[in-house]
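Summary of structural features
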Amino acid sequence: MTMQTNLRGRDLISLREWTREEIETVLDVAMDLKRQRALGLPHPYLRDKVLAMLFFYSSTRTRASFEAGMAQLGGHAQFIESRTTQIAHGDTAREIGEILGRYNDGIAIRHVEWGVGNQYIREVAQASRVPVLNMQCDLYHPHQVLADLLTIREKLGDPRGRTLTVSWAYAASYQKPISVPQDLVLLATRFGMHVRLVHPPEFQLMDDVLAEAAENARRSGGAFELMDDFDAGMRDSDVVYAKSWGPLLVAKDDAEGAAISARYTDWITDERRMALAGPDAIYMHPLPADRNIEVADAVIDGPHSVVYDEAENRLHVQKAVMALTMA
Ligand code: CP
């Protein structure tokens, strides 16, 4: 596949707007950067550049990996929380794009509010003179699924023809966004995987995402199957990616979402279910996880789990995206 060298200045808001060759380029550069870091080689491709990281929502991995990544690339990342800015007092998305774009060489944003986040990021991008990177919105989590695809390739080799189970699981902590399962089914079907999307009826994803995933599978020679039986979805799978998300397309509010979710407390990835998958199956989760509710300790800490390598790969793919877009 041809490496793409024209990503300078590009936004990454949704991978739907990036070609397969562009995504391959990110993964290739990510592996190069991972190798350089393992060898202790300096790689200051963004010396003196600054990334603004604007968070409307909490984060552990995303904040830490973007900030570490900018430092390793020779630049700096400034952490900005919406609640300690003047956004609550009237700074508009356009003003944020204009002004942060003049101080910085890139703007990264996390805004997961349903029906608001993606639109906000796009408004900032329209006004910004520098690349805008999506650190998770209500619809997509592109840097997470880039890390997921890199991890699958590292663990299993060519993902074509491999079965990926993207399943809903119960969590009690909060109504998690649908951005990870949406982006995952969209990306994995582009790379020829046999994707099973498994969930109780109330947890459907958006129609246009399902239609595009089906079309991706048709073009790539993969498959896309909708299922509602957790055990059946696990059977002989190569990659188990079981996590919670809210019933956002049907619930009016968080309380109703929690009540619907509570009907399915037995949707946990435990050892019995994990044993239904292939003997060499890997278990993935973007974290944070509700331990012993969403996934049993014995699974997430067990021999099939690759969650820490998956989290590490956030760093490498994000450095690749930043180096390619912000240089
Ligand atoms: N997976 C992920 O995005 O983690 P954080 O919410 O901690 O950033």
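Treat the numbers as computed from the prediction; the structure is a model and nothing was measured. Each chain has its residues counted from 1, running along the sequence as written. Given that this is a predicted model, residues contribute local features only at a pLDDT of at least 70 and side-chain atom pairs are listed and counted only at 80 or more, while totals for whole chains, interfaces and linings are drawn from all residues. Computation of side-chain values covers all heavy atoms of the structure but excludes hydrogens and water.

1. Describing the sheet that holds strand S1 (residues 50-55)
Pairs of strands are assigned from DSSP output, requiring at least two bridges between the strands. Secondary structure counts use DSSP, requiring at least four H or I residues in a row for a helix and at least two E residues in a row for a strand, with both numbered from the N terminus. One open sheet holds the four strands; their spatial order is S2-S1-S3-S4, and the pairing between them is parallel. Of all the strands in the sheet, the pair left with one neighbour each is strand S2 (76-81) and strand S4 (132-137). Adjacent strand axes in the sheet meet at a mean angle of 15 degrees, parallel and antiparallel pairs treated alike. Bridge count for S1 against S2 is six bridges, and the pairing is parallel. Within S2, the position partnered with Phe55 by the bridge is Glu81. Think of each axis as a best-fit line through the C-alpha atoms, taken over the contacting stretch in the case of a helix, with angles from 0 to 180 degrees between the N-to-C directions.

2. Things to note about unusual backbone geometry
Following Leu287, the chain continues into Pro288 via a peptide bond in cis, with omega recorded as 5 degrees. The phi dihedral of Asp48 falls on the positive side, at around 70 degrees, and the residue is not glycine. With respect to the helices and strands, Asp48 occurs in the loop between helix H1 (20-38) and S1. You can call Asp48 exposed: its relative accessible area is 68%. The residue Gln136 is not glycine, and still its phi comes out positive at about 125 degrees. In this fold, Gln136 is placed in strand S4. For every residue, the accessible area obtained with a 1.4 Å probe (protein chains only) is divided by the maximum for its type, and the residue is called buried under 20%, exposed over 50%, and partly exposed between those limits. With a relative accessible area of 8%, Gln136 lands in the buried category.

3. Comments concerning the nonpolar core
Note on terminology: a nonpolar core comprises buried Ala, Val, Leu, Ile, Met, Phe, Trp, Tyr and Cys residues joined through side-chain atoms within 4.5 Å. In terms of nonpolar packing, the biggest core is built from 103 residues, with Leu51, Leu146, Leu164, Val185 and Met322 touching the most fellow members. With eight residues, the single largest contributor to this core is helix H12 (residues 307-326). For the domains described, the bounds stem from an automatic or database domain assignment. Built from parts of two domains, this core gets at least three residues from each of domain 1 (15-141 + 312-326) and domain 2 (144-310). Between two residues, a contact is recorded if the distance between any of their heavy atoms is within 4.5 Å. The residues touching Met322, leaving out its near neighbours within four places in the chain, are Leu46, Leu51, Phe66, Gly69, Met70, Leu73, Leu133 and Ala327.

4. With respect to the site of the ligand
In the neighbourhood of the ligand, the contacting residues comprise Ser59, Thr60, Arg61, Thr62, Arg110, His141, Gln144, Pro286, Leu287 and Arg314. Polar contact is defined as a pair of N or O atoms within 3.5 Å, subject to the rule that within protein one atom must be able to donate a hydrogen and the other to accept it, and that residues adjacent in sequence are counted only when both atoms are side-chain atoms. Arg61 places a side-chain nitrogen or oxygen 2.9 Å from an oxygen atom of the ligand. When residues are grouped by polarity, Ala, Val, Leu, Ile, Met, Phe, Trp, Tyr, Cys and Pro land in nonpolar, Asp, Glu, Lys and Arg in charged, and all others, Gly among them, in polar. For the shell around the ligand, the residue count by class is two nonpolar, five polar and three charged. For each residue, the test is whether any non-hydrogen atom lies within 4 Å of the molecule or strand; if one does, the residue is near.

5. Re the packing of helix H2 (residues 61-72) against H12
Two elements in contact, H2 and H12, have axes separated by 9 Å at closest approach and are oriented at 50 degrees. The angle between H2 and H12 falls in the class oblique. Crossing angle aside, the handedness with which H2 passes H12 is right-handed. Across from Arg61, Thr62, Ser65, Phe66, Ala68, Gly69, Met70 and Gln72 in H2, the residues of H12 making contact are Ala311, Arg314, Leu315, Gln318, Lys319, Met322 and Met326. Residues of the contact of H2 with H12, tallied by class, amount to seven nonpolar, five polar and three charged. Angles below 35 degrees are treated as roughly parallel, those above 145 as roughly antiparallel, those between 65 and 115 as roughly perpendicular, and all remaining angles as oblique. Left-handed is the label given to a crossing in which the near helix is rotated counterclockwise from the far helix by less than a right angle, and right-handed is the label when the rotation is clockwise.

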